[in-house]
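# Overview (structure and organization)
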Amino acid sequence: MTATETGPVGIPELEPERTGAQSEIPEFEPIAVAAEYEPPTAGIDPDQTKGWMKRLMPLLRAHRRTLVIGVVTGVFALATQVAVPAAGRSAVDAAITGDRRGMWIVAVLIAVFGVGRLVFGGVNRFYLFKLGWDVETDLRAIMYEHLTRLSFSYYDRTQSGDVISRANSDIRSLQLLLAFGPLISMNLLMFVMALGFMLYIHPWLALAALAPLPGVYWFGLKFRNQVFPLSWVTQARMTDLATIVDENVNGTRVVKSFAAEKRQIAQLGRSAQRIQWTNVEIAKSRSRWNPIIESLPRLGTAVVVLYGGWLAIEGRVSIGTLLAFSAYVIMLQVPFRMAGFVLMQGQRASAAAQRIYEILDEVPQIVDSPGAVDIVQPRGQVDFEAVCFGYNPETPVLDEFNLHIEPGERVAIVGSTGSGKSTVARLLDRFYDVDGGSVRIDGLDVRDVTLRSLRHTVGLVLDEPFLFSASVHENIAYGRPTASRAEVEAAASAAQAHGFISELAHGYDTVVGERGYTLSGGQRQRIAIARTLLANPKVLVLDDATSAIDVTVEEAIHRALQELMADRTTIIIAHRLSTISLAERVVVLDGGRVANSGTHAELLATDPHYVEILARHSDHESGDVSGNGDGSMTSRNGR
Ligand SMILES: Nc1ncnc2c1ncn2[C@@H]1O[C@H](COP(=O)(O)OP(=O)(O)O)[C@@H](O)[C@H]1O
Ligand SMILES: [Mg+2]
């Protein structure tokens, strides 16, 4: 192994004479790099009694410049658009009466309107779309920030797929409404303006032209009533399909090992057919109603031609008026039909907003208490005092659990599966709060210290190591991104990971995790151990952290750990004798409390329950309970 010079909070070299060096662990200083990213300043209104649009106001207010520019330019764009037929009317009438000068003026005016429409329309669109994307970006950041603050109890009862769909498609629904909503609302304004012009020019002709519009509305309503439920069903079925695909991809080994591909394909096929059915139904409904809705307004044009033509022949309206009217009748239809889309999108966005707010309204259970202090210069004393805890009130896991661990002590916690060993570790890192009693570090209740300094002091290695889709180096340096390669290698060496990492194609730069190279369970565990060692916690908790590692490799890790543990409080949760024998004291957890404690040899000699627990696990792992536990076991019981 390469023992390297280490930085101020580096991994101590594995030389015997350096054991017990208290100075290796400095006082608390935050290890994460400074955020380069400015989170949004505004959030949603916390008042849950308000409507969803109202609750969005603080966020919209933060972007009011964009919104105001978008809306004002939009109004101008519409005004220039609506003014054109009116000007056209004067032009035609001027042409008919031979008024050349008037014609020129109007022609220039129309050109000015055209340019205005171009400029205002462009600015308007840009700002409104920008508003949609800005708010979407903010919502994502707010939601993710909130998700990181939510406690384990929230994740215990939430499906990750559900959170992901809320973070993706629901935010997208809101974004769509925010981008198109104002645009379409302004089209309604166009409707009003056009109508105003028409009523001003000739009220009766205007009313006649409007006659078919109630029909458009009525058929549009019928269409929406059919399509809206169908599109909800489609959405739900899409989620089902995504789940099936996800399971097939992630569970592909199980599928193949049972030769169950055909069954999976059939399941996928059924799910795809269900989506196809609803989509075809939507298409049917669309092909039935849409042509009607599109043709009806032509009736309006016909009415204008007929009634207007008659008025013109009678000399009661000018030809220009007739032309302007036809243009307005066509202009009216667009906003009228879009109103339906806004209503539909509005309903969808309202449902999406509720789903997003449900997450944002979730109150984090575990937060820094007011006046929480940092743990500075931890000694590593751990106390569980009369701790009562259960994930649900009906089933207590710990019941008056007492455990005192001296600074620098190595304690093994032994117990049958489900006895609450991992729970003890989670309570120490304050993943959950106790129901009764207290958990203390150096005499400080974990509820009175900052979470940041607590989790910096207590390092947890979990039995299911999660690796990010990043290089080995980045995975190990996760808790201290600024660590040098030498420091990362030192940590990896202590965790007996340096050897296999060096043999990877790109060494420490090999990408692992979901999108990278697949490591074995034991290799992942060793990287997870290195990751925690590099963060250099004063209290180290190994929760079944070596269960998938070969015994001989495990022994080497323990030899290295023995050096590293010297000035560190260590809690080892394990079943293997070789691991347990590393501890100075063994605590037997049973019935939610400490049933017995002593050295491994004492317990082996006096406690039949202890022998039974060890024997049960060595049955599973084909280990050797009769071994003397000093690390001389040679049977391979890695999984
Ligand atoms: N997140 C959770 N939600 C509800 N119950 C849990 C949760 N985690 C563990 N439990 C239950 O608490 C008990 C103790 O679990 P745990 O501490 O993981 O046991 P051990 O690590 O000793 O195997 C078990 O009965 C388990 O089913
Ligand atoms: Mg466990």
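Residues numbered from 1 in each chain as written. Chains lettered and ligands numbered in written order. Predicted model: local features only at pLDDT ≥ 70, side-chain atom pairs only at ≥ 80, totals over all residues.

### Concerning the overall build of the protein
Across its full length, the protein carries 20 helices and ten strands. Its C-alpha atoms give the protein a radius of gyration of 36 Å, more than 25% over the compact-globule value 26 Å for 639 residues. Summarising its shape, the C-alpha atoms of the protein cover approximately 120 × 55 × 50 Å along the three principal directions. When the 639 residues of the protein are sorted by exposure, 35% land in the buried category. Of all intrachain contacts in the protein linking residues separated by at least 6 positions in sequence, the fraction that spans at least 24 positions is 77%. (Helix = DSSP H or I, 4+ residues; strand = E, 2+ residues; numbered from the N terminus. Rg over C-alpha atoms; globule rule 2.2 N^0.38 Å. Buried ≥ 20, exposed ≤ 12 C-beta atoms within 10 Å, placed from the backbone. Contact = placed C-beta atoms within 7 Å.)

### Some remarks on the site of ligand 1
Surveying the vicinity of ligand 1 reveals the residues D156, Y391, V397, G415, T417, G418, S419, G420, K421, S422 and T423. For the shell around ligand 1, a count of residues per class yields two nonpolar, seven polar and two charged. (Near = placed C-beta within 6 Å. Nonpolar A, V, L, I, M, F, W, Y, C, P; charged D, E, K, R; others polar.)

### Looking at unusual backbone geometry
Both trends apply: most residues other than glycine have a negative phi, and most peptide bonds are in trans. A positive phi angle, close to 50°, is found at A259, a residue other than glycine. Turning to its location among the elements, A259 is positioned in the loop between α8 (252-257) and α9 (261-313). For A259, a count of 8 C-beta atoms within 10 Å gives the class exposed. Although it is not a glycine, R430 sits at a positive phi angle of roughly 55°. Checked against the element boundaries, R430 lands in the loop between α11 (421-428) and β4 (436-441). Overall, R430 belongs to the buried group, with 21 C-beta atoms counted inside 10 Å.

### As for the packing of helix α14 (residues 485-494) against helix α16 (residues 521-535)
In contact at an axis separation of 8 Å, α14 and α16 are set at 125° when each is read in the N-to-C sense. When the interaxial angle is binned, α14 and α16 end up oblique. Pair α14 / α16 crosses with right-handed handedness. Residue-level contacts link E487, V488, A491, A492 and A494 of α14 to A530, L533 and L534 of α16. Taken together, the residues of the contact of α14 with α16 sort by class into seven nonpolar, no polar and one charged. (Axes fitted to C-alpha atoms, helices over the stretch in contact; angles between N-to-C directions. Parallel < 35°, antiparallel > 145°, perpendicular 65-115°, else oblique. Left-handed = near helix turned anticlockwise from the far one by under 90°.)

### Re the sheet that holds strand β1 (residues 382-389)
Here we have four strands laid out as an open sheet, ordered β2-β1-β4-β5, and antiparallel in their pairing. Here the strands that pair on one side only, and so sit at the sheet edges, are β2 (398-405) and β5 (444-445). Packing against the sheet, α11 makes contact with β1, β2 and β4, and its axis sits at approximately 115° to β1. (Pairing = 2+ DSSP bridges.)

### A word on the sheet that holds strand β9 (residues 585-590)
Within the open sheet, the six strands sit side by side as β6-β7-β8-β3-β9-β10. Their pairing is mixed. The two strands at the open ends of the sheet, each matched to only one other strand, are β6 (458-461) and β10 (593-598). Strand after strand, the sheet turns through a mean of 20° between neighbouring axes, direction not considered. The sheet contact formed by β6 and strand β7 (residues 539-543) spans four bridges and is parallel. By the bridge assignment for β7, G459 is matched with L540.

### Observations concerning the environment of R480
Here R480 is to be found in the loop between α13 (472-476) and α14. Exposure remark for R480: the 21 C-beta atoms within 10 Å place this residue in the buried category. Spatially, the C-alpha atom of R480 lies 8.8 Å from that of R531, the residues being 51 residues apart in sequence.

### Notes on the nonpolar core
The biggest cluster of nonpolar side chains holds 77 residues, and the ones touching the most others in it are A412, V414, I476, A491, A530 and V541. The element contributing the most residues to this core is α16, with seven residues. By size, the runner-up hydrophobic cluster in this structure holds 26 residues, among which are A77, A194, A206 and Y328. (Core = buried A, V, L, I, M, F, W, Y, C linked by C-beta atoms within 7 Å.)

### Side note on helix α1 (residues 52-62)
The set of residues buried in α1 consists of R55, L56 and L59. Each buried residue of α1 sits inside an arc of 90° when the element is viewed along its axis, so together they form one side. In this structure, α1 carries K54 and R61 as exposed residues pointing more than 90 degrees from its buried face. Where α1 is buried, its residues meet α3 (100-149) and α10 (319-360). (Arc of directions from axis to C-beta.)

### Section: the pairing of β7
Here β7 lies mainly inside the structure; five of its five residues are buried. Side chains V539, V541 and D543 of β7 all project onto a buried face; the interleaved residues L540 and L542 project onto the opposite face, where all are buried too. With five bridges connecting them, β7 and strand β8 (residues 569-573) associate as parallel partners. Along β8, the bridge assignment pairs L542 with I572.

### Some points on the domain arrangement of the protein
Examined at the domain level, the protein breaks down into domain 1 (44-193 + 337-362), domain 2 (203-316) and domain 3 (382-621). Computed over C-alpha atoms, the centres of domain 1 and domain 3 are 52 Å apart. (Domains from an automatic or database assignment.)

### Quick look at the pairing of β9
Sheet analysis places strand β3 (residues 410-414) next to β9, joined by four bridges and oriented parallel. Bridged to V414 within β9 is V588. Judged from the five bridges that link them, β9 and β10 form a sheet pairing that is antiparallel. The residue bridging D590 from the neighbouring strand is R593, located in β10.

### Observations regarding the confidence of the model for the protein
Residues of the protein with pLDDT of at least 70 account for 90%, and the chain-wide mean is 84. Long-range and interchain partners of residues 30-34, a stretch whose pLDDT sits below 50, account for seven contacts in this model, where long-range means more than four residues apart. Note that pLDDT drops below 50 for residues 620-639; the model gives that stretch 42 contacts with residues more than four away or on any other chain. (pLDDT = per-residue confidence, 0-100.)

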